[in-house]
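Residue-level structure breakdown
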Amino acid sequence: MYEGLLPQLMKSLDLKPHHIVADIGSGIGFIAENIFESFALENPVWCVDPSAEMQEAARERKGTYPVQKTAEEFFSDAKISQCFDTILIAFSAHHFVNLRAVYEGIFRSLRPGGSFVQFDLICHNHPTFKMAADAYSSYFQRVSDRKEFFREIQFQGNFSQEELHYGWSVSKSKLYEMFRGRYVSMFHHFSDEQIEKGIKELESGTLKDVKDDDPINCNSCVLVTKVELE
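Quick look at the structure, then. For clarity, every value in this text was computed on a predicted model and none was experimentally measured.

Along the backbone of the protein chain there are eight helices and seven strands. Relative to the compact-globule value of 17 Å for 230 residues, the protein chain shows a C-alpha radius of gyration of 18 Å, a close match. If you line up the protein chain on its principal axes, its C-alpha atoms span 55 × 40 × 30 Å. Residue burial in the protein chain is summarised as follows: out of 230 residues, 48% are buried. For the protein chain, restricting intrachain contacts to residue pairs at least 6 apart in sequence, the fraction spanning at least 24 positions comes to 73%. Counting every atom, the protein chain has about 11,700 Å² of accessible surface; 48% of that belongs to carbon and sulfur. Charged side chains in the protein chain number 24 positive and 34 negative. The centres of these two groups are separated by 1 Å.

So this is what it looks like as structure tokens:
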């Protein structure tokens with residue numbers, strides 16, 4: 001799903017080959033690897049994620065330096081003060097327990113003239129079942145709360161927010177495969193039984209007359225928050 005969005009997200013970054021970059025909540029390292037290759041970085045991207053399973057996958061990717069820690073643990077380390085040129089958070093901020101501690105740590109860890117870029121999903125229109133729709137609603141509310149939170153943080157620099165809209169297409173069978181594979185982290189809160197129940201809900205309702213290979217047109221919107229320090 002995010003593959004089609006990747007070129008637009010890359011345009012939000014202004015990286016030079018010598019830059020040191022950290023990807024917070026990096027997951028399997030997909031975005032980090034693409035950043036490393038797209039900008040011909042001389043140093044691997046620091047991939048910060050507390051999941052051992054995710055880090056095992058990230059280690060197999062090119063240009064990654066896995067750090068198995070939560071964001072709070074990572075930014076509590078005084079040794080990374082003014083260490084990074086760019087810090088990226090891509091669709092993972094909802095995992096943070098202490099928002100203020102993380103964002104204050106981010107600004108301490110950036111070098112003068114450094115930048116912080118965050119991507120948040122703020123709209124996601126595709127067929128889904130009620131339990132997932134309720135989870136999305138809660139997620140989007142937290143994103144809205146963070147949008148205001150940024151304006152309360154004290155820093156010297158330029159602050160901007162931009163919405164990126166993009167369309168994508170998926171077959172019904174692929175959509176169900178995405179659900180079962182827990183394609184976004186919120187689906188990890190659902191049991192196999194709950195997901196199968198949700199799929200049956202769609203099969204008897206919204207997608208009743210849609211064939212397995214029929215394309216389903218979807219659209220999403222991403223909020224890009226960018227801070228460039230003086």
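Core analysis: the biggest nonpolar cluster contains 46 residues, and Ile35, Phe91, Phe119, Phe179, Phe187 and Val222 have the highest contact counts within it. Setting aside chain neighbours within four positions, we find Phe187 in contact with Phe129, Ala132, Tyr136, Phe179, Arg182 and Ile195. Ranked by size, the runner-up nonpolar core spans 26 residues in total, among them Phe75, Phe84, Leu110 and Phe149.

Moving on to the environment of Gly205. Relative to the helices and strands, Gly205 resides in the loop between α8 (192–203) and β7 (215–229). The exposure class of Gly205 is partly exposed, given its relative accessible area of 39%. For the pair Gly205 and Phe129, spaced 76 residues apart in the sequence, the C-alpha separation amounts to 9.6 Å.

The geometry of helix α7 (residues 172–180) relative to α8 is characterised by a closest axis approach of 10 Å and an angle of 155° between their N-to-C directions. With respect to α8, the axis of α7 lies roughly antiparallel. Regarding α7 and α8, the two cross each other, and that crossing is right-handed. When α7 is examined against α8, the residues Lys172, Tyr176, Phe179 and Arg180 are found in contact with a partner set consisting of Ile195, Glu196, Ile199, Leu202 and Glu203. Residues of the contact of α7 with α8, tallied by class, amount to five nonpolar, no polar and four charged.

It is worth spelling out the pairing of β7 at this point. Taken across its 15 residues, β7 has 11 buried, putting it largely inside the fold. Bridge count between strand β6 (residues 157–171) and β7: 15 bridges; the pairing is antiparallel. Bridge pairing links Gln161 to Thr225 in β7.

Moving on to the pairing of strand β3 (residues 64–67). Note that strand β2 (residues 45–48) and β3 share four bridges and pair parallel. Note on β3: the bridge partner recorded for Trp46 is Tyr65. Handedness of the β2-helix α3 (residues 52–59)-β3 crossover: right-handed.

What follows covers the environment of Asn43. Here Asn43 is to be found in the loop between α2 (30–38) and β2. Placed 21 residues apart in sequence, Asn43 and Thr64 show a C-alpha to C-alpha distance of 8.7 Å. Each residue touching Asn43, except ones within four places of it in the same chain, is listed here: Pro17, His18, His19, Ile20 and Phe36.

What follows is about the packing of aromatic side chains. Each aromatic ring pair is specified by the distance between its two centres and by the angle formed by the two planes. Inspection of every chain in the model, using the stated rule, returns 18 aromatic pairs. Ring centres of Phe179 and Phe187 lie 5.2 Å apart, and the angle between their planes is 15°; this geometry places the pair in the stacked category. For Phe179, a relative accessible area of 0% corresponds to the buried category. Centre to centre, the rings of Tyr183 and Phe187 are 5.4 Å apart; their planes meet at 55°, and the pair counts as tilted. On the basis of relative accessible area, Phe187 is assigned to the buried category, the value being 0%.

Quick look at the pattern of salt bridges now. Per the counting criterion, the structure on display carries 11 salt bridges. Across the salt bridge formed by Asp77 and Lys79, the nearest N and O atoms sit 3.3 Å from each other. A relative accessible area of 22% places Asp77 in the partly exposed class. For Asp134, the salt bridge goes to Lys130, with nearest N and O atoms at 2.9 Å. In this pair, Asp134 and Lys130 both sit in helix α6 (residues 130–149), four residues apart, roughly one turn of the helix. Salt bridges linked by common partners bring Lys172, Glu203 and Asp212 together as one network.

Rules and cut-offs
Residues numbered from 1 in each chain as written. Predicted model: local features only at pLDDT ≥ 70, side-chain atom pairs only at ≥ 80, totals over all residues. Heavy atoms only, no water. Helix = DSSP H or I, 4+ residues; strand = E, 2+ residues; numbered from the N terminus. Rg over C-alpha atoms; globule rule 2.2 N^0.38 Å. Buried < 20%, exposed > 50% of the residue type's maximum accessible area, 1.4 Å probe, protein only. Contact = heavy atoms within 4.5 Å. Areas by Shrake-Rupley, 256 points an atom, 1.4 Å probe, with all protein chains shown as cover. Lys, Arg positive; Asp, Glu negative; His and termini not counted. Charge placed at Lys NZ, Arg CZ, Asp CG, Glu CD. Core = buried A, V, L, I, M, F, W, Y, C linked by side-chain atoms within 4.5 Å. Axes fitted to C-alpha atoms, helices over the stretch in contact; angles between N-to-C directions. Parallel < 35°, antiparallel > 145°, perpendicular 65-115°, else oblique. Left-handed = near helix turned anticlockwise from the far one by under 90°. Nonpolar A, V, L, I, M, F, W, Y, C, P; charged D, E, K, R; others polar. Pairing = 2+ DSSP bridges. Right-handed = clockwise from strand over helix to strand, strands pointing away. Phe/Tyr/Trp six-rings, centres within 6.5 Å; stacked < 30°, edge-to-face > 60°. Salt bridge = Lys/Arg side-chain N within 4 Å of Asp/Glu carboxyl O.

Keep in mind these numbers describe shape, not what the thing actually does.
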